[in-house]
Amino acid sequence: MDARIVDRLRCPVCGEPLEQATDVRALRCPRRHSFDIARQGYVNLLAGRTPHVGDTTEMVVARADFQAAGHYDLISNALASAATEAVAQLDTTEGFGAYPLVVDAGAGTGRYLGAVLAALPEAVGLALDVSKPALRRAARAHPRAAAALADTWQRLPLADASTAVLLNVFAPRNGPEFHRVLDPAGSLLVVTPDTDHLTELVDALDLLRVDPDKADRVTGSLGGHFTPASSAVHRAELALTRPEVATLVAMGPNAWHTEPDALTARLAALPEPVRVTVAVRVDAYRPR
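Computed from a predicted model, the values in this text were never measured in an experiment.

1. Some points on the sheet that holds strand E7 (residues 145–149)
Across the sheet, which stays open at both edges, the eight strands sit in the order E4-E7-E6-E5-E8-E9-E11-E10 with mixed pairing between neighbours. Only two strands of the sheet have a single partner each, and these edge strands are strand E4 (43–44) and strand E10 (226–240). Sheet analysis places strand E8 (residues 163–169) next to strand E9 (residues 182–193), joined by six bridges and oriented parallel. Considered in E9, the bridge of Thr163 is made with Leu182.

2. Some words on the UniProt feature "domain: 23S rRNA (guanine(745)-N(1))-methyltransferase N-terminal" (unreviewed entry) in the protein
Residues annotated in UniProt with the feature "domain: 23S rRNA (guanine(745)-N(1))-methyltransferase N-terminal" (unreviewed entry) correspond here to residues 10–46. With 0% helix and 27% strand, the stretch residues 10–46 has end C-alpha atoms that lie 12 Å from each other.

3. Description of the sheet that holds strand E2 (residues 26–28)
Strand order in the open sheet formed by three strands is E1-E2-E3, and the pairing between neighbours is antiparallel. Two strands bound the open sheet, and with one partner strand each, they are strand E1 (19–20) and strand E3 (34–36). Across two bridges, E1 lies against E2 in antiparallel orientation. Residue pairing for E2: Gln20 is matched across the bridge by Leu27.

4. Re the pairing of E9
The buried fraction of E9 amounts to nine of the 12 residues, a majority that puts the element mostly inside the structure. By the bridge criterion, six bridges tie E9 to strand E11 (residues 274–287) in an arrangement that is antiparallel. The residue of E11 that forms the bridge with Pro193 is Val280.

5. Brief notes about the environment of Ala204
Looking at the element boundaries, Ala204 is found in helix H7 (residues 199–205). The partly exposed category is assigned to Ala204, whose relative accessible area is 30%. In the structure, Ala204 is positioned 65 residues away from Ala269 in sequence and 8.8 Å away in space, judged by C-alpha atoms. When residues no more than four places from it in sequence are discounted, the contact partners of Ala204 are Arg266 and Leu270.

6. Details of the packing of helix H2 (residues 57–68) against helix H9 (residues 242–250)
The interhelical angle for the contact between H2 and H9, taken along N-to-C directions, is 130°, at an axis separation of 8 Å. Taken together, the axis directions place H2 and H9 in an arrangement best described as oblique. At the point where H2 passes H9, the crossing takes the left-handed sense. On the side of H2, the interface is formed by Met59, Ala62, Asp65 and Phe66, while H9 contributes Glu244, Thr247, Leu248 and Ala250.

7. A closer look at the packing of aromatic side chains
Within a pair of aromatic rings, the relevant descriptors are the distance that separates the centres and the angle that separates the planes. Under the counting rule described, the total for this entry stands at one aromatic pair. When the ring of Phe66 is compared with that of Tyr72, the centres are 5.3 Å apart and the planes differ by 85°; the resulting orientation is edge-to-face. Taken individually, Phe66 and Tyr72 each receive the classification buried, so the pair is uniform in this respect.

About the cut-offs
- Residues numbered from 1 in each chain as written.
- Predicted model: local features only at pLDDT ≥ 70, side-chain atom pairs only at ≥ 80, totals over all residues.
- Heavy atoms only, no water.
- Pairing = 2+ DSSP bridges.
- Helix = DSSP H or I, 4+ residues; strand = E, 2+ residues; numbered from the N terminus.
- UniProt positions renumbered as here; feature names shortened; annotations may be inferred.
- Buried < 20%, exposed > 50% of the residue type's maximum accessible area, 1.4 Å probe, protein only.
- Contact = heavy atoms within 4.5 Å.
- Axes fitted to C-alpha atoms, helices over the stretch in contact; angles between N-to-C directions.
- Parallel < 35°, antiparallel > 145°, perpendicular 65-115°, else oblique.
- Left-handed = near helix turned anticlockwise from the far one by under 90°.
- Phe/Tyr/Trp six-rings, centres within 6.5 Å; stacked < 30°, edge-to-face > 60°.

Okay, here's the thing in structure tokens:
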């Protein structure tokens, strides 16, 4: 694991710095707490048991296939642009700034983290997720990225002010911890669905609806720790096949809420190509 990333990690049990062990595939702290590095490349930094296991293998495969087809590249491009702007404003002469760290909290496959790192040649990256199937892919998302099994609702296994840019894409938001680990001049980039995201499929396939007040709720949940800096909505119209629509449904929260036989019947009634709106908000926040 890249020493520049390990340098920012902290033991989830005692908070001490971690180092790469020389005798086994593990990270250890001075108090001898040890955390195994899986053969797939991610390190397990869970302290105790977590009440949830995150995305399933099937969901991760569907997401990887859909992303690989380029359907969500507008998200990758928007994040790469926003992160480049954010890093340009950092003081890279002090603290952890020489090698800006980009953390993706709830990283999934790591595709968005990889896109940001491709745009920032001096940066290193860390994917955090509670899903082992997702981390197996995230660990290979970019040569300058690492991955760690961690519950983002708990204390993050990172040093204070260690992170230049924190990505949060369709994932839970832990405002106090995001604030703690971000550099005071760093940026939190949050991606959420806009009200018309996938709107053509909501009624046709009986999918979950986007909360019309979601943007206000997100800002409200972060308001005690962050100040809004910028906001932009990015839209595109996709022309999908029915199998691609099935993959889209299978990769997100709708996978938990749709009955397979009913979904198959509804999909068969859709005309091809299926026109689908992608609409996402990218909000940048600065620590208070």
